[in-house]
Amino acid sequence: MTTSGTSRASRVRTWLIWTAGFLAFPLAGLAGTAAAGRVDDPIAALLGGAVAGAAIGAGQTLASRGRLDIRRWVPATVIGMGSGLLLGAVTVGYDTSLADLALMGALTGLALGPVQALALPRGARPRWAWAAAMPALLALGWTTTTLGGIAVDEQFTVFGAYGAITFSALSGLLLALLLPDRTAADSAADPTPSEARA
């Protein structure tokens, strides 16, 4: 297989693993609900969002195949999800209509995107694209979950599996564009034996 074919296969595998990381979202929702109950007041939004953020951040770090630093990514996700869900839920008055949840997702993304962008590795290019995409991706996650018939009136801390798959697949594509291909970087740093003899 050629280097470009290997690199492409590696990128696809990395994207598929990141997308499979959607499983962190339902677990995060369960953890956030266990910690704070329904998102129906500011404390529940802040605490539930922070707990959900810890689970999502840990899941994303594992799904990143070593490309995200858990020491930076998890705290950033905790801060962004906690403050973002607080901002979003308070702004929409804890309502759960499609429009309200889309707005809540967008506002959560406004808080989450910049702190996660700062936690991206130094080689990320351009990191502001991550911050710019998060409001739309989180709004889309809530929209997909709501249209999927999930009982969103239960005021969850994060969207369900439908939204998580959508979010993870699209954010995985963005992450692949922003982070240097580890396989290509490793290949450049470690020449094959025939190249070393030449």
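Model, not experiment: these values are computed from the prediction. (Residues numbered from 1 in each chain as written. Predicted model: local features only at pLDDT ≥ 70, side-chain atom pairs only at ≥ 80, totals over all residues. Heavy atoms only, no water.)

Novice: Before we go on, may I ask you to explain the packing of helix α4 (residues 70-91) against helix α5 (residues 98-119) in this structure?
Specialist: Describing two packed helices takes the angle between their axes plus the distance from one axis to the other. In the contact formed by α4 and α5, the axes pass within 7 Å of each other and the chain directions differ by 155°. By the criterion of interaxial angle, the relationship of α4 to α5 is roughly antiparallel. For α4 against α5, the interelement crossing comes out right-handed. The residue makeup of the contact of α4 with α5, split by class, is 15 nonpolar, eight polar and one charged. (Axes fitted to C-alpha atoms, helices over the stretch in contact; angles between N-to-C directions. Helix = DSSP H or I, 4+ residues; strand = E, 2+ residues; numbered from the N terminus. Parallel < 35°, antiparallel > 145°, perpendicular 65-115°, else oblique. Left-handed = near helix turned anticlockwise from the far one by under 90°. Nonpolar A, V, L, I, M, F, W, Y, C, P; charged D, E, K, R; others polar.)

Novice: Whenever I open this one, the layout of surface pockets confuses me. Can you help?
Specialist: Its boundaries defined by the atoms lining it, the largest pocket holds a volume of some 150 Å³. Around the largest pocket sit Phe25, Pro26, Gly29, Leu30, Thr33, Ile150, Phe156, Val158, Phe159, Gly160 and Ala161, which together line it. No other element matches helix α2 (residues 24-36), which puts five residues into the lining of the largest pocket. (1 Å grid on protein atoms, 1.4 Å probe; cavity = no way out; pocket = protein on both sides within 12 Å on 5 of 7 lines; lining within 4 Å. Points joined across faces, edges and corners; volume = space filled by probe spheres on them.)

Novice: How do you make sense of the pattern of salt bridges when you look at a structure like this?
Specialist: Oppositely charged side chains are able to pair whenever their charged atoms sit close together. One pass over the structure, following the stated rule, counts one salt bridge. The partner of Asp69 in a salt bridge is Arg71, with the nearest N and O atoms 2.8 Å apart. For Asp69, a relative accessible area of 25% gives the class partly exposed. (Salt bridge = Lys/Arg side-chain N within 4 Å of Asp/Glu carboxyl O. Buried < 20%, exposed > 50% of the residue type's maximum accessible area, 1.4 Å probe, protein only.)

Novice: Honestly, the side chain of Thr77 in this entry has me stumped. Any pointers?
Specialist: Along the chain, the position of Thr77 falls in helix α4. Separated by 2.7 Å, the side chain of Thr77 and the backbone oxygen of Trp73 make a polar contact. Setting aside residues up to four positions removed in sequence, Thr77 forms contacts with Gly53, Ile56, Gly57, Gln60, Gly82, Leu112 and Gln116. (Polar contact = N/O pair within 3.5 Å; in protein donor to acceptor, adjacent residues only side chain to side chain. Contact = heavy atoms within 4.5 Å.)

Novice: Any chance you could explain unusual backbone geometry here in plain terms?
Specialist: Comment: phi is negative for the bulk of residues other than glycine, and the bulk of peptide bonds are trans. Positive phi, normally seen in glycine, also occurs at Arg65, with a value near 60°. Tracing the backbone through its elements, the reader meets Arg65 in the loop between α3 (42-63) and α4.

Novice: Help me understand a nonpolar patch on the surface, please; the structure alone is not making it clear to me.
Specialist: A grouping of Leu140, Leu170 and Leu173 is seen on the molecular surface, where their side chains present a nonpolar patch of about 230 Å² in accessible area. Within the secondary structure, Leu140 is located in helix α6 (residues 128-147). Its relative accessible area of 34% is what places Leu140 among the partly exposed residues. (Patch = residues over 30% accessible without salt bridge, like charges linked within 9 Å, V, L, I, M, F, W, Y side chains within 5 Å. Areas by Shrake-Rupley, 256 points an atom, 1.4 Å probe, with all protein chains shown as cover.)

Novice: Mind showing me how you'd approach the packing of α3 against α4 here?
Specialist: Axis separation between α3 and α4 bottoms out at 7 Å; the angle between their running directions is 150°. Between α3 and α4 lies a crossing of right-handed hand. Listed contacts from α4 to Pro42, Ala45, Leu46, Gly49, Ala50, Gly53, Ala54, Ile56, Gly57, Ala58, Gln60 and Thr61 of α3 are Ile70, Trp73, Val74, Thr77, Val78, Met81, Gly82, Ser83, Leu85, Leu86, Ala89 and Val90. Considering only residue class, the contact of α3 with α4 consists of 16 nonpolar, eight polar and no charged.

Novice: Sorry if this is basic, but what is going on with the nonpolar core here?
Specialist: Soluble globular proteins: nonpolar side chains tend toward being buried together. One finds Phe25, Met104, Leu120, Trp130, Val158, Phe159 and Phe167 to be the most contacted residues of the largest nonpolar core, which totals 41 residues. Mapped by element, the contributors of at least two residues to this core are α2, α3, α4, α5, α6 and α7 (161-178). The element contributing the most residues to this core is α6, with eight residues. When near neighbours in sequence (up to four residues on either side) are disregarded, Val158 contacts Phe25, Ala28, Gly29, Ile56, Met81 and Trp142. (Core = buried A, V, L, I, M, F, W, Y, C linked by side-chain atoms within 4.5 Å.)

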